[in-house]
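Descriptive analysis of the structure
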Amino acid sequence: MFSFKGRKDRLIIAAVISISVAGILYFGYQAISENSNRNQENPFEYNLENFKKIDASLMHYSEVGRIRIELQNVYGIAIGPDDRIYVSGDDSVLVFDRNGILQSEISSVGTARCLTVDGNQDVYLGMEDHVEVYDRDGEKKANWESLGEEAIITSIAVSKNSVFVADAGNLIVWKFDKSGNRLIRIGEKNDAKDIPGFIIPSPFFDVAIDPDGFLWAANTGRHSLENYTHDGNFRTSWGEFGMDMEKFCGCCNPSHFTILEEGSFVTSEKGIARVKVSNRLGELVSVVAGPDQFIEGTVGLDLAVDSSQKIFVLDPFQKLVRIFEKKRL
Amino acid sequence: MSGKTLKIPIKRRDFIRRSVHTVVGLTIGGIGGILFSKSSSEEMVWQLDPNICIQCEKCSVNCVLPHSAVKCVHSYSMCGYCDLCSGYLQPGARVRDTGAESQLCPSGAIKRTFVEDPYFEYTIDEKLCIGCGKCAKGCNSFGNGSLYLQNRHDRCLNCNQCSIARRCPSQAWKRVPASQPYILKGDESNKFLKS
């Protein structure tokens, strides 16, 4: 039989009880604080955060300027040969000088969803189903024929003698001469000519001319940029689907693109709003702007490049033209 | 004949009888009036405006029903029939197939059917749909928003104080006429859809 009558025994008991109480308090506190800090996983959450991370070493551009656009809705941007900036929106086109000062306004009947400017400073506006041409003073020169009820014109590109019109409704690129005569259809599925055919799930379908004069078109449903001759022959393509930075995300991207003077591509995406530069081979070179620089849900980041290779991003959610310049190393 | 009219005093019993008749008459008339006014004004029901909805997943857990009355709806006229459907596939899915690990829907309620290369049709199995809106979030993020949520009136109890509406962070819930109980997108918005 044990008996705790001595002073020593009582001390031992008190020590054991004290240690036990301290242990309970310590480990209990640890357990409570650990649970309170733990983020419970939400099985219903649609989480894209991991895909928004950017390697800082790719951030070669910084934002150097902004032009506020005083329109309710803005759709397209183009830069003329004298670096004047053209922005289309509510029934008009605003023309800014290279410093962002408003110079003039071209009024149109209806809204141009896209536009481009040729070497003569003629402005080509893509209305829903037809093209309108205005001279540098804003006087209407021509009203081209309708491309049909299904037509949704989303982009225009001009070369020296031809005008290429992307039609997201009919899933083709129309080639016109500069007088507005319709010549050929480019990009229709043709297995014999290895033409895959355009898949355009949403009304974003961009075209541009590269420094060699070839036509490029964004086949957004295939996540690729495709290269065609002016006769409509398929030359090559690049791009693949993926959420990673070097690929094109979502169902249909890139939503817009433009081409730098040395042949590199500037692309913008929707879903995860980001603007990137890829070289002629389609390899990622730089990130111009990442998702953190846009309001969540931003779509329709139209692009243009001026003669000094500054990249102009039209941000329709903030109604801004945002100007990005390559950082000096 | 003296020509004088006699003023007969009203009896207490008659006074009470007439008073009771008046009160009963007014009560019946009032109730009838209320019923008439209720029947002539249109009945209102709860609905979720898909143009305001932020797909926060709270509709799936805040309904008083054991299985939420909110279900995913698909606008076929808007859908791109994409092989790479961001409403069907996980954002980082390695392959575009029907494997459970590739699917975004936590209950596997979306069926993917091949149409022709490279198009696929997506249909909602409402018995499996829990109304979490994860697919709608994916479709809205990358696609054109053809997948969206609606309160299904074949299930909804139309509570006076809808418990989902009370907790909706974007205040997307509103009362709509029972004759037009859905707020639809695309071409379907022009058609009358009644459960």
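Check the entry above for the structure.
My aim in this report is to walk through the structure given alongside it, one point at a time. (Residues numbered from 1 in each chain as written. Chains lettered and ligands numbered in written order. Predicted model: local features only at pLDDT ≥ 70, side-chain atom pairs only at ≥ 80, totals over all residues.)

**Considerations on the sheet that holds strand β15 (residues 215–219) of chain A**
All names here are of chain A.
- Strand order in the open sheet made by the four strands is β14-β15-β16-β17, with antiparallel pairing throughout. Pairing within the sheet leaves two strands with one partner each, and these edge strands are β14 (207–209) and β17 (234–238). On average, each strand axis in the sheet is inclined to that of its neighbour by 25°, with strand direction left out of account.
- In this structure, β15 lies alongside strand β16 (residues 224–228), joined through five bridges in antiparallel fashion. Note that in β16 the partner of Leu 215 across the bridge is Tyr 228. (Pairing = 2+ DSSP bridges. Helix = DSSP H or I, 4+ residues; strand = E, 2+ residues; numbered from the N terminus. Axes fitted to C-alpha atoms, helices over the stretch in contact; angles between N-to-C directions.)

**Regarding the sheet that holds strand β8 (residues 131–134) of chain A**
Residue and element names in this part refer to chain A.
- What the four strands build is an open sheet, ordered β6-β7-β8-β9; its pairing is antiparallel. Each having just a single partner strand, β6 (114–117) and β9 (140–143) make up the two edges of the open sheet. Across this sheet, the average inter-strand angle for adjacent strands is 20°, counted without regard to direction.
- Note: strand β7 (residues 123–126) against β8, four bridges, orientation antiparallel. Paired with Tyr 124 across the bridge in β8 is Val 133.

**Things to note about helix α3 (residues 134–142) of chain B**
Residues and elements named next belong to chain B.
- Of all nine residues in α3, nine are buried; the element is thus mostly enclosed.
- Considered for burial, the residues of α3 that qualify are Lys 134, Cys 135, Ala 136, Lys 137, Gly 138, Cys 139, Asn 140, Ser 141 and Phe 142.
- Taken together, the buried residues of α3 touch β2 (70–74), β3 (110–116) and β5 (147–151). (Buried ≥ 20, exposed ≤ 12 C-beta atoms within 10 Å, placed from the backbone. Contact = placed C-beta atoms within 7 Å.)

**Considerations on the nonpolar core**
All names here are of chain A.
- Membership of the largest hydrophobic core comes to 119 residues, with the highest contact counts inside it found for Tyr 86, Val 87, Val 93, Leu 115, Ile 156, Val 165 and Phe 312.
- It is strand β2 (residues 74–79) that contributes the most residues to this core, five residues altogether.
- Ignoring any residue separated from it by four or fewer positions in sequence, one finds Tyr 86 in contact with Ile 77, Ala 78, Gly 80, Val 93, Val 95, Leu 115, Val 117 and Val 123. (Core = buried A, V, L, I, M, F, W, Y, C linked by C-beta atoms within 7 Å.)

**Focus on unusual backbone geometry**
- Each neighbour pair has its own omega, and for Asn 253 of chain A with Pro 254 of chain A the value is 0°, a cis peptide bond.
- You can see Pro 254 of chain A is positioned in the loop between β17 and β18 (256–259).
- For the peptide bond that leads from Asp 117 of chain B to Pro 118 of chain B, omega is 0°, which places it in the cis range.
- Within the fold, Pro 118 of chain B resides in the loop between β3 and β4 (119–124).
- A positive phi angle, near 50°, is found at Asp 91 of chain A, a position not held by glycine.
- By secondary structure assignment, the location of Asp 91 of chain A is in the loop between β3 (85–89) and β4 (92–96).
- Positive phi values are uncommon outside glycine, yet Gln 171 of chain B reaches one of about 50°.
- Counting through the fold element by element, Gln 171 of chain B comes out in the loop between α4 (163–167) and β6 (173–177).

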